[in-house]
Amino acid sequence: MDLAAAAGMDARLARWRAFLNPVEPSPPRFLFLVRCGQDEPARPLLWPEHRQAREEWAWSLYRNQCDRTRWLADDAVPSLSVATGTEIFAEAFGCRVQRPADNMPFALPLIHDAREVSGLCVPELSRSSLAYLFEMADELRSRAGPDALLRLVDLQSPMDIAALIWEKSDFLASLLLAPEAVRELAAKVSELLVAFLDEWFHRYGTRYVAHYPDYVMHGGLTLSEDEVGAVSAAAFEDFFAGELATLSTRYGGIGIHCCAHARHQWGHFRQVPGLRLINLHQPHAVLVEAYPFFAPGIVQLHYGFERPGPVETWPGLHPPDRRVIYEVAAAGPEEARSLADRFAALRA
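Let me sum up the structure you'll find in this document. (Residues numbered from 1 in each chain as written. Predicted model: local features only at pLDDT ≥ 70, side-chain atom pairs only at ≥ 80, totals over all residues. Heavy atoms only, no water.)

**What about the environment of leucine 80?**
At step 1: Positionally, leucine 80 belongs in strand E2 (residues 80-81).
At step 2: With a relative accessible area of 0%, leucine 80 lands in the buried category.
At step 3: Excluding residues that lie within four positions of it along the chain, leucine 80 makes contacts with Trp59, Tyr62, Leu140, Arg141, Ala144, Ala148, Leu149, Leu150 and Arg151. (Helix = DSSP H or I, 4+ residues; strand = E, 2+ residues; numbered from the N terminus. Buried < 20%, exposed > 50% of the residue type's maximum accessible area, 1.4 Å probe, protein only. Contact = heavy atoms within 4.5 Å.)

Rendered as structure tokens:
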């Protein structure tokens, strides 16, 4: 089932490309995603030993998404999901992983003291625990065809991954007490992260769907940046800003998700070079400030903002020159089609 067979896919991809290009002079007024997921298969546990079940789930999900494009004319793009938790890079460095039967897997800290950082080696990618993710992606791509988009694995920033490897309270204290050890660990994480992304983009191309939320990127990388909520603005400048700028420059842009209470870091987010999209998960009262705060060329897709009226009123809730992606849930196919028609008429 090749992606090219999905209805209207060329037009959808072209809209995403224009919308996330900050210098595009005439982007679409907005993009919209109608969520109608009642027929989605249940996801298996994200354990390495469940690889085959994960592949079958991802294939079934992809087929459902392709089918949905034939009757639902929103901006969603099907993708092959190599779903993971946040643990994958910490695990590659040697962290033990807790895998509860009723929740997502998570890494347990390996380092508890700054003196342990120097002894930590950067794993070789092909011999690390990350290697099987490429095998899963290869299998899914072989089924779907070369034009199928992959959904990127769950990525965090190097500092966020370092905070998983290093016991959190000691890690945060070390920002002040042992900053060079923190930088050393983050640099080691960056080395592995870059090796992974270089190989991923070499194999599967630079057009893909972000891990979360599911927006389409043409070049660039996407990641989560949550530890900034627990540190000062000065710490962002010292430890986070440089690595985000380096990654964005290397890959040609960046999309950032943050679900931390990090209003004090918005100015730093806005200054990240090549920032294409910001996704915040905050209460409505906070997000009211976000839409006018971020520059017109930066796409915004936030969770927690309340839009109580009909969809026809939604664009009027934000400054007219802001690029906004709307999400709306539908109870079933009939309502989903109706919502899509109303959004399309509004955008025409």
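Additional details are given in the paragraphs that follow.
**A few points about the nonpolar core**
At step 1: One finds Ile165 and Trp200 to be the most contacted residues of the largest nonpolar core, which totals 121 residues.
At step 2: Broken down by element, this core gets its largest block of residues, 13 residues, from helix H7 (residues 179-204).
At step 3: Here isoleucine 165 is in contact with Ala90, Phe93, Cys95, Pro109, Leu110, Ile111, Leu120, Leu185 and Val189, once residues within four sequence places are set aside. (Core = buried A, V, L, I, M, F, W, Y, C linked by side-chain atoms within 4.5 Å.)

**A word on the sheet that holds strand E11 (residues 299-300)**
At step 1: Sheet architecture is open: six strands sit in the order E1-E12-E11-E10-E9-E8, paired in parallel fashion. Two strands bound the open sheet, and with one partner strand each, they are strand E1 (31-35) and strand E8 (221-224).
At step 2: Pairing of E8 with strand E9 (residues 254-258), which is carried by four bridges, proceeds in the parallel orientation. Within E9, the residue paired with leucine 221 across the bridge is isoleucine 254. (Pairing = 2+ DSSP bridges.)

**A few points about the packing of helix H2 (residues 51-69) against helix H4 (residues 131-144)**
Packed helices, taken two at a time, are described by the angle between their axes plus the distance between the axes.
At step 1: Put simply, H2 and H4 touch, their axes get as near as 10 Å, and they point 40° apart. Relative to H4, H2 is oriented oblique. Read as a crossing pair, H2 and H4 show a hand that is right-handed. Here Arg51, Arg54, Glu55, Glu56, Ala58, Trp59 and Tyr62 of H2 come into contact with H4, specifically with Tyr132, Leu133, Glu135, Met136, Glu139, Leu140, Arg143 and Ala144.
At step 2: Here the contact of H2 with H4 is composed, by residue class, of eight nonpolar, no polar and seven charged. (Axes fitted to C-alpha atoms, helices over the stretch in contact; angles between N-to-C directions. Parallel < 35°, antiparallel > 145°, perpendicular 65-115°, else oblique. Left-handed = near helix turned anticlockwise from the far one by under 90°. Nonpolar A, V, L, I, M, F, W, Y, C, P; charged D, E, K, R; others polar.)

**Some details on the packing of aromatic side chains**
At step 1: Under the counting rule described, the total for this entry stands at 24 aromatic pairs.
At step 2: With a centroid separation of 5.9 Å and 35° between ring planes, the pair formed by phenylalanine 236 and phenylalanine 240 is classed as tilted. With phenylalanine 236 and phenylalanine 240 both in helix H8 (residues 233-251) and four residues apart, the pair spans about one turn of that helix.
At step 3: A residue is classified by how much of its surface remains accessible, and phenylalanine 240, at 0% relative accessible area, is buried.
At step 4: Relative to phenylalanine 305, the ring of tyrosine 291 lies with its centre 5.1 Å away and its plane at 75°, an arrangement referred to as edge-to-face. Within this pair, whereas tyrosine 291 is found in helix H10 (residues 284-293), its partner phenylalanine 305 is found in the loop between E11 and strand E12 (323-329), the two being separated by 14 residues in sequence.
At step 5: If you follow arginine 307 out to its NZ or CZ, it ends over the ring of tryptophan 314, 5.6 Å from the centre. (Phe/Tyr/Trp six-rings, centres within 6.5 Å; stacked < 30°, edge-to-face > 60°. Lys NZ or Arg CZ within 6 Å of the ring centre and 35° of its normal.)

**Brief notes about the environment of glutamate 24**
At step 1: Secondary-structure assignment places glutamate 24 in the loop between helix H1 (9-19) and E1.
At step 2: Judged by its relative accessible area of 25%, glutamate 24 falls in the partly exposed class.
At step 3: The residues contacting glutamate 24, other than those within four sequence positions of it, are Ala18 and Arg323.
At step 4: Side-chain polar atoms of glutamate 24 contact the backbone nitrogen of serine 26, separated by 3.4 Å. (Polar contact = N/O pair within 3.5 Å; in protein donor to acceptor, adjacent residues only side chain to side chain.)

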